[in-house]
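Structural features, examined
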Amino acid sequence: MRRRGVDFRRPLRRKVRDLLWWALCCAVIILFLYILTKGNQIESITALSKRTYKNERIVESLNMTEEMLNPNSVTRQLNDQISLAKAFVVIAKESKNLQFAWELSAQIRNSQILLSNAATTGSPLTTVESESAIHDMALLLYQSQQLHYDSATMLMRFKARIQALEEQMNSVTEKSSKYGQIAAEEVPKSLYCLGVRLTTEWFKNHNIQKKLKDTRQVEMKLKDNSLYHFCIFSDNILATSVAVNSTAINSKNPEFIVFHLVTDEINYTAMKAWFAMNDFRGVTVEVQKFEDFTWLNASYVPVLKQLQDSEVQNYYFSGNSDNGRTPIKFRNPKYLSMLNHLRFYIPEVFPALKKVVFLDDDVVVQKDLSALFSIDLNGNVNGAVETCMETFHRYHKYINYSHPLIRAHFDPDDCGWAFGMNVFDLVQWRKKNVTGIYHYWQEKNIDRTLWKLGTLPPGLLTFYGLTEPLDPSWHVLGFGYTNVDPQLIEIGAVLHFNGNSKPWLKIGIEKYKHLWEKYVEYSHPLLQQCNFH
């Protein structure tokens, strides 16, 4: 066989060799890129782990709480110096040594910077780092002692400062109570205007007088014990109107309700005119004045004799006899008003009635109250809501337990209760001579050693053992001085604005005013003329 020539074999071999070289080069390049990429990943992981470790080391390197509790800690030593230096700054300023106070303040800032840096870096302070600051502060503290800023002096000055602040606080509190009491006693111009206009209307409009004279059917209702009888003793026309109106609006049968209102001679005509001019959904309203009660005289009523006594009036209004120690709250004209004490004579005021619900004039009724007249008082005279959820509403907070007569008859931890919404069984009242019990305690308190002026303390004594606790939802208190649980507002039948912040005054608590104001007809011509809004 004949072979090919050399010229035909070389090109093929050369081509194969070239392909092998190119393949080898590509493999080398790929290997290089792979190694390079892998190296970057390892470096990134290493750097990340180093940073994580570094962060963990910073977080775990210094526990500031442990450092401050360690008695050998430089940080604690610096902090103790700063606390002492701050006290010396106050004393230096009070001593008018302003230059020294400035030097202490500057060194305090330097030490605080060191502590701040230690907390930021997470490394505890060393003696070398803080030696200068500790030394400089120690010199200043030593200088403070040389200036008589020692511990004894500091304590005496701080005690004097605390005493001065307490005196200022007491002075401010007393002024606040005084001005609050004055505001509470104020008769707003609008109320005064309403009384004047109603009195004028009564004498000018004979139809109003005729309307009252022609109500013979009303006289029968006043003595009908099958009806629901309420009584209010007040000289505030608008407040009384709200109590009557809210009771009528929320009653299922307002035509069965009879309101017995007792006022004083000054407001008698205006009160009659208002309730003759306005209809309260068919509610029967009777208006009397206590000056017409012939039995109400000093020989029968001990408190009336006391209220007329010039010494008593001087005690509660000027406070001269006890160097002004009498609390301002006892210098309220209501305590010297017979309208406030008339609640102890309800059987005498309404001799034909067997059961009455007593209401204060600063209440709002938002539920039907007819169920009160069917409550079984279990032979007791007074049905009331107890107020002893807190310790300051127990007996020992109202009467003087240092008196042997009080200690012998009353348990200091017994629950107090509230006037403002009370169910009185007048049959039991007369049977047990409750008014006589009241007279007994009033006579014993002639020297004011059993309790101060007011009606709740003698009420607690008079109705002791004769009071039946009612469900708290019947009577919710506190709308005139504190915050009230919204749930209690929702379920409450009678809301009581006891306290100085009455809703008809500018000092009334704004968030509760709407509960009272929604029963005021501001569109009434007389209210508009007197600028009620």
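Only a predicted model underlies this, so the values are computations on that prediction, with no experimental measurement involved.

With that settled, the discussion passes to the overall build of the chain. Along the chain, the regular secondary structure elements total 22 helices and 10 strands. The proportion of buried residues among the 533 residues of the chain is 44%. In the chain, once contacts between residues fewer than 6 apart in sequence are set aside, the share between residues at least 24 apart is 75%. In the form shown here, the chain has an accessible surface area of approximately 30,800 Å², with 55% of it arising from carbon and sulfur atoms.

This next bit is on the state of the cysteines. Per the counting criterion, the structure on display carries two disulfides. Here Cys193 pairs with Cys530 through a disulfide, and the sulfurs are 2.1 Å apart. With the S-S bond torsion at -75 degrees, the cross-link from Cys193 to Cys530 turns out left-handed. Taken as a pair, Cys193 in helix H7 (residues 189–204) and Cys530 in the segment after helix H22 (525–529) lie far apart in primary sequence, 337 residues in all.

So, on to helix H4 (residues 98–121). End to end, H4 covers 35 Å across 24 residues, agreeing with the expected 34 Å (1.5 Å per residue, within 8%). Taken together, the buried residues of H4 touch helix H3 (74–94) and helix H5 (127–146). Among the residues trailing H4, Gly122 stands out with phi positive, at a value near 80 degrees.

Backbone geometry follows two general trends: most residues other than glycine have a negative phi, and most peptide bonds adopt the trans configuration. Phi at Asn433 is positive, roughly 50 degrees, even though this residue is not glycine. Residue Asn531 is not a glycine yet carries a positive backbone phi of 65 degrees. Here Asn531 lies in the segment after H22.

This structure, assessed with the given rule, holds six salt bridges. Here Asp292 and Lys289 are joined by a salt bridge, their closest N and O atoms 3.1 Å apart. Of the residues examined, Asp292 reaches a relative accessible area of 45% and is grouped as partly exposed. Residue class for Lys289 comes out buried when judged on its relative accessible area of 13%. A salt bridge links Asp360 to Arg343, with the shortest nitrogen-to-oxygen separation between them at 3.5 Å. Placement of Asp360 in the loop between strand S4 (355–359) and strand S5 (363–365) and of Arg343 in the loop between helix H14 (338–341) and helix H15 (346–349) is noted, with a sequence separation of 17 residues between them. Grouping residues by exposure puts Asp360 and Arg343 together as buried.

The topology assignment puts Asn253 in the loop between helix H10 (237–249) and strand S2 (257–263). Residues Asn253 and Gly282, spaced 29 residues apart in sequence, show a C-alpha to C-alpha distance of 9.2 Å.

According to the stated counting rule, one finds 29 aromatic pairs in the structure shown. Between Phe410 and Trp441, the aromatic rings sit 5.3 Å apart at their centres with planes inclined by 55 degrees, giving tilted as the arrangement. Placement of Phe410 in the loop between helix H16 (404–409) and strand S7 (421–425) and of Trp441 in helix H18 (residues 434–444) is noted, with a sequence separation of 31 residues between them. Each member of the pair Phe410 and Trp441 is classed as buried. Above the plane of the ring of Tyr268 lies Lys289, whose end atom (NZ or CZ) is 4.4 Å from the centre. In this structure, Arg343 is placed above the aromatic ring of Phe419, and the distance from its NZ or CZ to the ring centre is 4.8 Å.

Because each turn of an α-helix spans 3.6 residues, side chains separated by three or four positions end up pointing in the same direction. Every buried residue of helix H21 (residues 510–517) is accounted for by Tyr512, Lys513, Leu515 and Trp516. Seen from one end, H21 has its buried residues packed into an arc of 155 degrees, which puts them on one side. Against H10, S5, helix H20 (486–491) and strand S10 (494–496) lie the buried residues of H21.

Our next topic: the side chain of Gln366. Counting through the fold element by element, Gln366 comes out in the loop between S5 and strand S6 (382–384). Under the relative-accessibility criterion, Gln366 is labelled buried at 16%. Within the structure, the side chain of Gln366 is placed 2.7 Å from the backbone oxygen of Gly492, a separation counted as a polar contact. Beyond its immediate chain neighbours, meaning those up to four positions away, Gln366 contacts Asn250, Ile489, Glu490, Gly492, Ala493, Leu495 and Tyr519.

Below, the discussion takes up the nonpolar core. Leu194, Val244, Phe259, Leu359 and Phe479 are the most contacted members of the largest nonpolar core, which totals 62 residues. Beyond its immediate stretch of four places on either side in the chain, Phe259 contacts Phe230, Ile232, Ala243, Val244, Thr247, Val283, Thr284, Val285, Glu286 and Leu359.

This part covers the sheet that holds S4. The strands that make up a sheet are held in pairs by hydrogen bonds between backbone atoms, and each pair lies either parallel or antiparallel. With mixed pairing, the seven strands of this open sheet are ordered in space as S3-S2-S1-S4-S7-S6-S8. Each edge of the open sheet is held by one strand with a lone partner, namely strand S3 (284–289) and strand S8 (467–469). Looking at each pair of strands side by side, their axes are set apart by 25 degrees on average, direction ignored. Of the strand pairs in this sheet, S6 and S7 are connected by two bridges, and their pairing is antiparallel. Paired with Gly383 across the strands is Val423, a residue of S7. Packing against the sheet, H10 makes contact with strand S1 (228–233), S2, S3 and S4, and its axis sits at approximately 175 degrees to S2. Contacting S2 and S3, helix H11 (residues 265–277) runs over the sheet at an angle of about 165 degrees to S3.

Take the packing of H3 against H5 next. Packing of H3 against H5 leaves a shortest axis separation of 10 Å and a crossing angle of 30 degrees. On the basis of their axis angle, the class for H3 and H5 is roughly parallel. Crossing of H3 over H5 shows left-handed handedness. Across from Val74, Gln77, Leu78, Gln81, Leu84, Ala85 and Phe88 in H3, the residues of H5 making contact are Thr127, Ser130, Ala133, Ile134, Met137, Ala138, Leu141 and Ser144. Counted by class, the contact of H3 with H5 contains 10 nonpolar, five polar and no charged residues.

So, how was this worked out
Residues numbered from 1 in each chain as written. Predicted model: local features only at pLDDT ≥ 70, side-chain atom pairs only at ≥ 80, totals over all residues. Heavy atoms only, no water. Helix = DSSP H or I, 4+ residues; strand = E, 2+ residues; numbered from the N terminus. Buried < 20%, exposed > 50% of the residue type's maximum accessible area, 1.4 Å probe, protein only. Contact = heavy atoms within 4.5 Å. Areas by Shrake-Rupley, 256 points an atom, 1.4 Å probe, with all protein chains shown as cover. Disulfide = S-S within 2.5 Å. Expected span 1.5 Å × (residues − 1). Salt bridge = Lys/Arg side-chain N within 4 Å of Asp/Glu carboxyl O. Phe/Tyr/Trp six-rings, centres within 6.5 Å; stacked < 30°, edge-to-face > 60°. Lys NZ or Arg CZ within 6 Å of the ring centre and 35° of its normal. Arc of directions from axis to C-beta. Polar contact = N/O pair within 3.5 Å; in protein donor to acceptor, adjacent residues only side chain to side chain. Core = buried A, V, L, I, M, F, W, Y, C linked by side-chain atoms within 4.5 Å. Pairing = 2+ DSSP bridges. Axes fitted to C-alpha atoms, helices over the stretch in contact; angles between N-to-C directions. Parallel < 35°, antiparallel > 145°, perpendicular 65-115°, else oblique. Left-handed = near helix turned anticlockwise from the far one by under 90°. Nonpolar A, V, L, I, M, F, W, Y, C, P; charged D, E, K, R; others polar.

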